[in-house]
Amino acid sequence: MARPNDDDGQPPAAPVPPKGTFAQIPDVAATAEAIGSMEVRGAARIGRHAARALGRLAEEHADDADLDGRLMEAGRTLLAARPTAVSLRNAINLTLFGADSEDADRGGAVRAGAQRYVDISLAAPERIAAAFVAQVPDGATLLTHCHSSLAEACIIEAHRQRSDIRVFADETRPWWQGHITSGRLAAAGVEVTLIVDSAAHHIMETKGVDLLVTGADTITADGGLYNKIGTRAVSLGAQSLDIPHIVAAETHKFSPYSLKGDVPQVEQRDASEVIDPGRLPKGVKVENPVFDRTAPGLVERYVTDQGVLAPSEVRAFVVDRFPIKERWI
Ligand code: RI2
């Protein structure tokens, strides 16, 4: 697999991709709709789809005098699709403003930014999984929450390199992404057991779970983790049993906006995702927050495509890697 990062972790200058690269990509409106409806889900994937949609716009309107206005409006449309995963905001900003030269050829710079974002994101799982495996002994029992493409890559690589790895995957209501996780792990030959969410603590205690492994939607400068609802409870349970919580995250999950005090907005989704409105007992209200915050003290380490970090090391890392430019959305 191509490695678009230099050894020091900095991405190289991106060549402008050939015309037509983004021609088959859904446009900005369709991409925003697919992200909002969760047809496209998973923080890393959301970011890549947004970057490609902006690449298509830059390709189609390269000669438009108001290309910049169109791009900014498209960026805001995509950003509004889902509020919590910072990979979406980073994808938009790194695509629109991440290329080395912005002015000479605005469309070309945006296409290069989109391609670079996607390349780095697609190369991340291999790098993260390699770093993760070094921390997993033979015979380890893992528990994971929701479906994270990066946690999945880590587990599959651990299975490939270590003997007798077994996994518990909780269902993660209301979207049941644990079904995706367990199905994919089983297809990869991993011994995997699906459990209901409320069984997680009991399973960790009684089945000798060694590691909790999750993905990330946003990592803030203080080392805190925003991830799928329920992560906090599982992490608290793990801490009470001295089970380390390891987070698999591409670097795009770090929030430079949190350096200025921006707190990620926890998305609230429709009550119909929790219960059929026709079956809701009279007088009962429903809340459906879909992410929560896990405090830095609960996370053992962040395993990223640019190294392994303790929560206390996140701030310096973000300052170093994400120089926010003036026009960032
Ligand atoms: P990767 C998901 O959110 C889950 O919270 C998951 O842990 C996170 O994105 C990261 O996924 P949702 O889009 O980027 O399912 O590791 O709401 O694939």
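Everything below is about the structure printed above this text.
The structure contained in this document is the topic of the report that follows. (Residues numbered from 1 in each chain as written. Predicted model: local features only at pLDDT ≥ 70, side-chain atom pairs only at ≥ 80, totals over all residues. Heavy atoms only, no water.)

**Regarding the sheet that holds strand β1 (residues 141-144)**
Strand pairing in a sheet relies on backbone hydrogen bonds, with the paired strands running either antiparallel or parallel. As summarised here, the arrangement of the 7 strands in space is β3-β2-β1-β4-β7-β9-β10, forming an open sheet in which the pairing is mixed. Only two strands of the sheet have a single neighbouring strand rather than two, namely β3 (191-195) and β10 (307-309). Pairs of neighbouring strands in the sheet enclose a mean axial angle of 25 degrees, with direction left out of account. The pairing of strand β4 (residues 211-214) with strand β7 (residues 245-248) spans 3 bridges and is classified as parallel. Bridge pairing links valine 213 to isoleucine 246 in β7. (Pairing = 2+ DSSP bridges. Helix = DSSP H or I, 4+ residues; strand = E, 2+ residues; numbered from the N terminus. Axes fitted to C-alpha atoms, helices over the stretch in contact; angles between N-to-C directions.)

**Details of the pairing of strand β9 (residues 301-304)**
As paired strands, β7 and β9 are joined by 3 bridges and run parallel to one another. Across the sheet, the residue bridging to alanine 248 is valine 303, located in β9. Bridge count for β9 against β10 is 3 bridges, and the pairing is antiparallel. Among the inter-strand pairings, threonine 304 is bridged to a residue of β10, identified as glycine 307. In sequence, β9 turns back onto β10 through a hairpin of 2 residues.

**Topic: the pairing of β4**
Neither face of β4 is open: one carries Leu211 and Val213, the other Leu212 and Thr214, and all of them are buried. Where β1 lies against β4, 3 bridges are found, and the strand directions are parallel. Across the sheet, leucine 142 pairs through a bridge with leucine 211, a residue of β4. (Buried < 20%, exposed > 50% of the residue type's maximum accessible area, 1.4 Å probe, protein only.)

**Focus: the site of the ligand**
Contacts to the ligand come from 20 residues, most closely from Arg41, Ser148, Ser149, Asp217 and Lys228. The contact in question runs from an oxygen atom of the ligand to an N or O atom on the backbone of alanine 44, over 2.8 Å. A distance of 2.7 Å separates an oxygen atom of the ligand from a polar atom in the side chain of serine 148. Starting from 440 Å² of accessible surface for the ligand in isolation, the protein chains cover 99%. Of all the secondary structure elements, the ones that give two or more residues to the shell around the ligand are α2 (43-60), α6 (149-161) and β6 (225-228). Ranked by residue count, the leading element in the shell around the ligand is α2, at 3 residues. (Near = heavy atom within 4 Å. Polar contact = N/O pair within 3.5 Å; in protein donor to acceptor, adjacent residues only side chain to side chain. Areas by Shrake-Rupley, 256 points an atom, 1.4 Å probe, with all protein chains shown as cover.)

**Details of the packing of aromatic side chains**
Aromatic ring pairs are defined here through the distance separating the ring centres and the angle between the ring planes. Evaluation of the coordinates by the stated rule reveals 3 aromatic pairs. Here tyrosine 257 and tryptophan 328 contribute two aromatic rings whose centre-to-centre distance is 6.3 Å and whose plane-to-plane angle is 50 degrees, an arrangement assigned as tilted. Residue tyrosine 257 is found in the loop between β7 and β8 (291-294), and its partner tryptophan 328 is found in the segment after α10 (314-321); the two are separated by 71 residues along the sequence. Residue tryptophan 328 is classed as buried on the basis of its relative accessible area, which comes to 12%. Within the aromatic cluster, the residues linked to one another by ring pairs are Phe254, Tyr302 and Phe317. (Phe/Tyr/Trp six-rings, centres within 6.5 Å; stacked < 30°, edge-to-face > 60°.)

**Here's the deal with the nonpolar core**
Leu96, Ile219, Phe254 and Tyr302 are the most contacted members of the largest nonpolar core, which totals 39 residues. Of all the elements in the fold, those that place two or more residues in this core are α1 (28-36), α2, α3 (67-79), α4 (86-97) and α10. Among the elements that line this core, the one with the most residues is α2, at 6 residues. What tyrosine 302 contacts, discounting residues up to four positions off in sequence, is Ile219, Gly223, Gly224, Leu225, Val247, Gly307, Val308, Leu309, Pro311 and Val314. (Core = buried A, V, L, I, M, F, W, Y, C linked by side-chain atoms within 4.5 Å. Contact = heavy atoms within 4.5 Å.)

**Quick look at the state of the cysteines**
Under the defined criterion, the tally for this structure stands at 0 disulfides. Its sulfur unpaired, cysteine 146 is 15 Å from the next cysteine sulfur, which belongs to cysteine 154. Given the relative accessible area of 6%, cysteine 146 is considered buried. (Disulfide = S-S within 2.5 Å.)

**Regarding helix α5 (residues 106-133)**
For α5, which comprises 28 residues, the first-to-last C-alpha distance of 41 Å matches the rise-based estimate of 40 Å (1.5 Å per residue) to within 8%. At alanine 124, α5 shows its largest bend, some 35 degrees, and a proline, proline 125, comes one to four positions later. The buried fraction of α5 is high, at 21 of 28 residues. (Expected span 1.5 Å × (residues − 1). Bend = angle between axes of the 7 residues up to and from the residue.)

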